[in-house]
Structure formats: structure tokens, C-alpha cells
Amino acid sequence: MAISTAVDLSAVARVLGVQTTFRDLRGGSLVNLPQRIAVVGQGATASTYSTTKAQVFSASEVGAAYGYGSPLHLAALQLLPVNGDGVGTIPVTVYPLEDDGAGVAASGDITPTVAATEAAAFLVRINNIDSEPFTVSVGDSVATVVTAMTDAINAVVSMPVIATDSTTKVDLASKWKGASANDIYVEVVGRTDVGVSWAYTQPTGGLNNPEVDDALDQVGDVWETMVLNCLEVADTTALATYSTFGEGRWGALVRKPLVVFTGTAETSVTTAIVTPTARRTDRTNSQLVCPGSKDLPLVIAARQLARIAVVANNNPPRDYGSQDASGLVPGTDAEQWNYAQRDAAVKGGSSTIEVKDGVVNIGDVVTFYHPTGEPVPAYRYVVDIVKLQNIIFNLNLIFATDEWDGAPLIPDDQPTVNPTAKKPKMAVAAVAALLDSLGLNAIISGPETAKTKTVAGINSQNPKRLDVSLTVQLSGNTNIISVDLNFGFYFGVQPIVA
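Definitions and limits used
- All residue numbers refer to position in the chain's written sequence, counted from 1.
- Per-residue local features of the predicted model are confined to residues with pLDDT of at least 70, and side-chain atom pairs are confined, for both listing and counting, to 80 or more; whole-chain, interface and lining totals are unaffected and use all residues.
- Side-chain figures throughout are based on the complete set of non-hydrogen atoms in the structure, without hydrogens or water.
- Residues are said to line a cavity or pocket when one of their atoms sits within 4 Å of a point; the points come from a 1 Å grid over protein atoms alone, cavities being sets where a 1.4 Å probe fits but cannot get out and pockets being open sets with protein on both sides within 12 Å along at least five of seven lines.
- Grid points are joined across faces, edges and corners, and a volume is the space filled by probe spheres set on the points.
- Here the term charged refers only to Asp, Glu, Lys and Arg, the term nonpolar to Ala, Val, Leu, Ile, Met, Phe, Trp, Tyr, Cys and Pro, and the term polar to all other amino acids, Gly among them.
- Strands are runs of DSSP state E lasting at least two residues, helices are runs of H or I lasting at least four, and both sets are numbered from the N terminus onward.
- Helix span is expected to be 1.5 Å times the residue number reduced by one.
- Relative accessibility decides the category of a residue: with a 1.4 Å probe and only protein chains considered, values under 20% of the type maximum give buried, values over 50% give exposed, and everything between is partly exposed.
- It is the directions from the helix axis to the C-beta atoms that the arc portrays.
- A pair of strands is considered paired only if DSSP assigns at least 2 bridges between the two.
- Axis lines are fitted to C-alpha atoms, over the contacting stretch for helices. Their N-to-C directions set the angle, which ranges from 0 to 180 degrees.
- The contact criterion used throughout is that any non-hydrogen atoms of two residues lie within 4.5 Å.
- Only a pair of cysteine sulfur atoms within 2.5 Å qualifies as a disulfide here.
- Only centres within 6.5 Å qualify two rings of Phe, Tyr or Trp (six-membered ring in Trp) as a pair; their planes then separate them into stacked at under 30 degrees, edge-to-face at over 60, and tilted for everything else.
- Ring-over charges, as used throughout, are those where CZ of Arg or NZ of Lys falls within 6 Å of the ring centre and within 35 degrees of the ring normal.
- The charged-residue count follows a simple rule in which Lys and Arg add positive charge and Asp and Glu add negative charge, with His and chain termini not counted at all.
- Criterion for a salt bridge: a side-chain nitrogen of Lys or Arg within 4 Å of a carboxyl oxygen of Asp or Glu.
- What we call a nonpolar core is a set of buried Ala, Val, Leu, Ile, Met, Phe, Trp, Tyr and Cys residues that are connected through their side-chain atoms within 4.5 Å.
- Like-charged residues within 9 Å of one another, or nonpolar side chains (Val, Leu, Ile, Met, Phe, Trp, Tyr) within 5 Å, are grouped into patches, provided each residue has over 30% relative accessible area and no salt bridge.
- Computed with a 1.4 Å probe, the accessible areas rest on the Shrake-Rupley method; for each residue, only the protein chains presented here act as cover.
- Polar contact criterion, stated in full: a pair of N or O atoms within 3.5 Å, where within protein one must be able to donate a hydrogen and the other to accept it, and residues adjacent in sequence count only if both atoms are side-chain atoms.
- With its strands directed away from the observer, a crossover is right-handed exactly when the path from the first strand over the helix to the second travels clockwise.

Caption draft 1: Seen up close, empty space enclosed by the protein. Applying the stated rule across the entire model yields 3 cavities of 30 Å³ or more. Counted as a void, the largest cavity has a volume near 50 Å³. Forming the walls of the largest cavity are Trp176, Ser180, Asp183, Cys230, Leu231, Glu232, Leu296, Pro297 and Leu298. When grouped by side-chain class, the residues that make up the lining of the largest cavity number 6 nonpolar, 1 polar and 2 charged.

Caption draft 2: Looking closely at helix α3 (residues 142-154). Taking 1.5 Å of rise per residue, the 13 residues of α3 would be expected to cover 18 Å, and the 18 Å separating its terminal C-alpha atoms lies within 8% of that figure. The complete set of buried residues in α3 reads Val145, Val146, Met149, Thr150, Ala152 and Ile153. Along the axis of α3, the buried residues cluster in a sector spanning 165 degrees; they form a single face.

Caption draft 3: Spatial organisation of the sheet that holds strand β3 (residues 92-97). The 6 strands are arranged β2-β3-β1-β12-β13-β14 in an open sheet whose pairing can be described as mixed. At either margin of the open sheet sits one strand with a lone partner, and together these are β2 (54-56) and β14 (285-289). If you compare each strand with its neighbour and ignore which way they point, the axes differ by 30 degrees on average. Judged from the 6 bridges that link them, strand β1 (residues 37-42) and β3 form a sheet pairing that is parallel. Note that in β3 the partner of Ile37 across the bridge is Val92. Packed on one face of the sheet, helix α1 (residues 59-66) meets β2 and β3 and runs near 140 degrees to β2.

Caption draft 4: Structural context of the state of the cysteines. The full count for this structure, using the stated rule, is 0 disulfides. The cysteine Cys230 is free of any disulfide, with Cys290 supplying the nearest cysteine sulfur at 17 Å.

Caption draft 5: Representation of the sheet that holds strand β4 (residues 105-114) in the model. Here we have 4 strands laid out as an open sheet, ordered β8-β9-β4-β11, and antiparallel in their pairing. Of all strands in the sheet, those bounded by a partner on one side alone are β8 (161-165) and β11 (196-204). For this sheet the average axis-to-axis angle between neighbouring strands, irrespective of direction, equals 20 degrees. Where β8 meets strand β9 (residues 170-177), 5 bridges bridge the pair, whose relative direction is antiparallel. The residue bridging Val161 from the neighbouring strand is Ser174, located in β9. In the packing of α3 onto the sheet, contacts are made with β4, β8, β9 and β11, and the angle to β8 comes to roughly 155 degrees.

Caption draft 6: Structural context of the packing of aromatic side chains. Enumeration over the complete set of coordinates arrives at 9 aromatic pairs. Consider the rings of Phe134 and Trp198, whose centres lie 6.1 Å apart with planes at 90 degrees: the pair is edge-to-face. Placement of Phe134 in strand β7 (residues 134-136) and of Trp198 in strand β11 is noted, with a sequence separation of 64 residues between them. Using a relative accessible area of 4% as the deciding quantity, one classes Phe134 as buried. Under the relative-accessibility criterion, Trp198 is labelled buried at 17%. Plain terms: the ring middles of Trp250 and Tyr379 are 5.3 Å apart, the flat faces sit at 70 degrees to each other, and that makes the pair edge-to-face. With a gap of 129 residues between them, Trp250 in the loop between α5 (236-249) and β13 (259-264) and Tyr379 in the loop between β16 (359-362) and α10 (382-399) connect regions that are remote in the sequence. Directly above the aromatic system of Tyr185 lies the positively charged group of Lys294, at a separation of 5.1 Å from the ring centroid. Its guanidinium or amino end placed over the ring of Trp404, Lys422 lies 4.8 Å from that ring's centre, counting from NZ or CZ.

Caption draft 7: Spotlight on the side chain of Arg380. With respect to the helices and strands, Arg380 occurs in the loop between β16 and α10. Put simply, Arg380 is tucked away with no salt bridge, and the nearest opposite charge, on Asp343, sits 7.5 Å away.

Caption draft 8: Up close: the nonpolar core. Of all hydrophobic cores here, the largest spans 84 residues; its most connected members are Val39, Leu79, Phe134, Trp198 and Tyr320. Of all the elements, helix α8 (residues 297-314) adds the most residues to this core, at 11 residues. Once you skip the residues sitting within four places of it in the chain, Tyr320 turns out to touch Ile308, Val311, Ala312, Ile362, Gly363, Val365, Val382, Val383 and Val386. In terms of nonpolar packing, the next biggest core, distinct from the first, is built from 14 residues, Val40, Leu231, Tyr242 and Val260 among them.

Caption draft 9: Representation of the side chain of Asp364. By the secondary structure assignment, Asp364 is in the loop between β16 and α10. No salt bridge is formed by the buried Asp364, whose closest oppositely charged neighbour, Arg342, lies at an N-O distance of 6.1 Å. Ignoring sequence-local partners within four residues, the contact set of Asp364 consists of Val346, Ser351, Thr352, Tyr381 and Asn479.

Caption draft 10: Representation of a nonpolar patch on the surface within the structure. The grouping of Phe487, Phe489 and Phe491 at the surface amounts to a nonpolar patch, some 500 Å² of accessible area in total. Note on placement: Phe489 falls in the segment after β20 (473-474).

Caption draft 11: Region of interest: the environment of Asp235. Along the chain, the position of Asp235 falls in the loop between β12 (226-229) and α5. Separated by 40 residues in sequence, Asp235 and Thr275 have C-alpha atoms that sit 9.5 Å apart. Engagement of the side chain of Asp235 in a polar contact is seen with the side chain of Asn209, the distance being 2.9 Å.

Caption draft 12: View of the pairing of β13. Burial of β13 is extensive: 6 of the 6 residues sit out of reach of the surface. Of the two faces of β13, the one holding Val259, Phe261 and Gly263 and the one holding Val260, Thr262 and Thr264 are both buried throughout. Bridge count for β12 against β13 is 3 bridges, and the pairing is parallel. Bridging from a neighbouring strand, Met226 pairs with Val259 of β13. In this region the chain leaves β12, passes through α5 and returns to the parallel neighbour β13; the handedness of that crossover is right-handed. Pairing geometry for β13 and β14, over 5 bridges, is parallel. Paired with Thr262 across the strands is Gln287, a residue of β14.

The following block contains the structure:
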């Protein structure tokens, strides 16, 4: 019989005590791990801001705090757009970086040649962000057009550059310093038959990205499940820092693994897998692609992450194939990867996309992880890491509680009247209930098999230690569907002769 603890056992005077305590009666029911997004990136050079991490709720809030057109603001426009087509209620936390002390902005220019035969409207498009329109009229001088262009660019606060009127040309400077600004791409859109043409110096010369160490130092005990890296894939120093940090998050005492996403518009598969191939055992970093796109790499990653995180949050075992990343502008049809190229990309540690009816659709989402000689890399697919995150999270819900912490620990065959006492078989039962729920939710396959491989016992060297072991088989995903279609011909029915 259990002994009530509502009244102290030493009490003797008459009294009624009713102790009210919450008990978790889920009985092993699965709780989805709430996804969280961390954005590591720079604010605008011209802005003054704190580098302390902060949860944000809108792109305008980010722009006001860290500078419009900065990497943080451009990422927030994809994750937290005004039309609500983003991550919804998934928390987004920014981890601001300041420009490196030796950082250099990227710079370029646009030089017009003007002999207008009739009035025409134009706009400047920078990384698929359009300026205000401007008009070139018959008789306009170069200086007049330069002024109009400068004003049109600066009128759009989300532009990643600042335009300066230099009379004969429009000078452009990135709003932040570092090599990541070299991905800025400039073009003028409008008629080509009215005596107006444009010469470009594409922005270049950006140098010295900031280090991400200080930002990661702020993560702490919060489980940031997915990280957006606003730097470029070529910054292998940052990738190495993320990888080292990510490995620590797999640790038994931390148990909060994460995935870091970086974007690229690389058109060559061979080039796209150079960095992943050099980091074959990296299970933290993931490269999200959009071949040939003029969108900034951080925008490519942010828009796809907006889809990935929502699926991971609401249906953890589902893969991300065919999720549309509308808003991204793909490259030309000739720049898209065919099946053989996408297969090579995945095998080389790069994610893929497909363009369907002009819309970017997410393909395979993978980490860099593909060790030589491992035909089925354990940490290749991001969805499998999300499944593991959820298993770890639910094991934590069971055992990291006051019900288990410090409870008396006795052998399975020992009777007890202590309601707080725990036995190894109780741990096995708790895990078995969770395994059933993981199976029902399609996170694992073969829960019955997993239950037969679940064991628990009091450690032979330490009576205050309970050892529990379980082995699960993660569910697969229908990434490949193979159908054999057989056919023949109908020859009619032969007449019956009497």
C-alpha cells in the first residue's frame, strides 16, 4: 500500500491534508519537438545595434533594429513575410554579427549611355529586388538619368546596397562588409530599343566576414533546432565553427543537436559539392541550392528553411520534397540540374531543387555527411536528424523529471510501499510506451522489435545509476518510387463455331 505524503508522518493531531500534484498521464504519447530557428548574420554597417541575441516577430522589426537591407533583414523577409507565408509561430531568434574590424564592403556601379529616341520606363533590379521605376525622356542627360536611378534605388529600403550619385555613374556599396556581399548582382530592366544602354561593374571587393563564435556562445541551453547561416558556403572557417559547435550539441549531457543551413546559387554540380566533399563527416552543415538564381545565397536558404521548419515542426517524419519555395527566382532552364546531376549532388553532400512550372520546389535536403565507404550515411538526410531530435526530446520528457530524478532505485523483484521508488522494469515500460507512440507517428519502424531490444538495469559499479539501452529503426521516406508498368494488346474475342 502506498503511503500518502500530504501530511507529515510525524504529525499526531487531527487534520485532513489533501496534496494536489500534477501527474503527466500521457502514458508515452509523443510530443513533437517545437522547432526553433536561429539566424546568424550581420546588420547594416550604418546601423548601431546590440549583438545580444533577440527573438523577433517581423521583418520590419528586424529592419528597424539592425538596418533595412542588411543580411538579418533580408533573411527575416523570407522567414517572417508580411503576407504570413513564413514560419508562423515557430520562434525566430537573431544572433547579430558586427562587421569584422578589417571588413570591406563590396562595391560596383552602373553607367548609363543615353540618347533616348522616346520616353521609356526602367527599374534597377538587385538580387531580384526591384527599385522604384524611373523614366528616361528624350533629351535627358546622363547626369539626369544617374540622379533618377540613384533616387529609385535608395527609395526601396530592402535594397542590399546604398546608391550614390556620381554624375556620370551610379556608385553602389553593400550595406554590410565582408565577402558575402560579393554575391550582390545588379541589372537594369526595361526596353532595349530606345537609345538607352547600361554598363555594369558588378559589386566585388568585399572582404573579411565576421566570425560566428560569439553568436554561438549565446545559444546556451536553448534548443535551437535549425540555424540559418547568412554567410556564404565558401566561408569554410564559419562552417568549421558551426560543425564543431554542432558536434557538441549531440553530446549526451547537452542532447540538443541542430542543423545549420547555408545557401548557394552555384550552377555546376562539380563546383557545388567541393565544400561538402572536403567535409565528409560534417553532420551539422547543410547546403540549400537554387542553381543560377540571382537571389542572395542567404535568401535562397531562408526561403527554403521557411518550408522545412514548418514541416519538421508539424509532421517530423515527413521529408521536404515538393515543398514549394515560391518567391525564389530560379536560373534558366539550362542551368537546372537533371536527375543524374541531382543524384550526384546528393551523393556529394548537397541538397537539390526542381523547378516545376517556374516555381522552385525543394528536392532532397541533406547534410554534408557522406563518409567514404558508408553506402547509407547515417546522418545524410535532415529529416532523419529531425526524427532523432524528436526521440531525444521525448526521452528527455520521460527521464529529466522530478519523478525520476533522485527516486529510490531498487531491483525489479523487490516489493515496496514507497510510491516514488523506481525499478529498471519501470524504465523499460516507459520506453516501450514511447516506442509504441513513435511507431504510431511513423517516426520509427518496427516498435515491437525495438521493445525486445530495450533493457535497463542498476549499474554494477554504482547503485545510484540506472543504465537504459534501446535500439530503434528510423522510418524511411518515399523519396524514390519505382513502378513497373506492363502492357499488352487486346485482340478481341474469337468467334465460336457451332
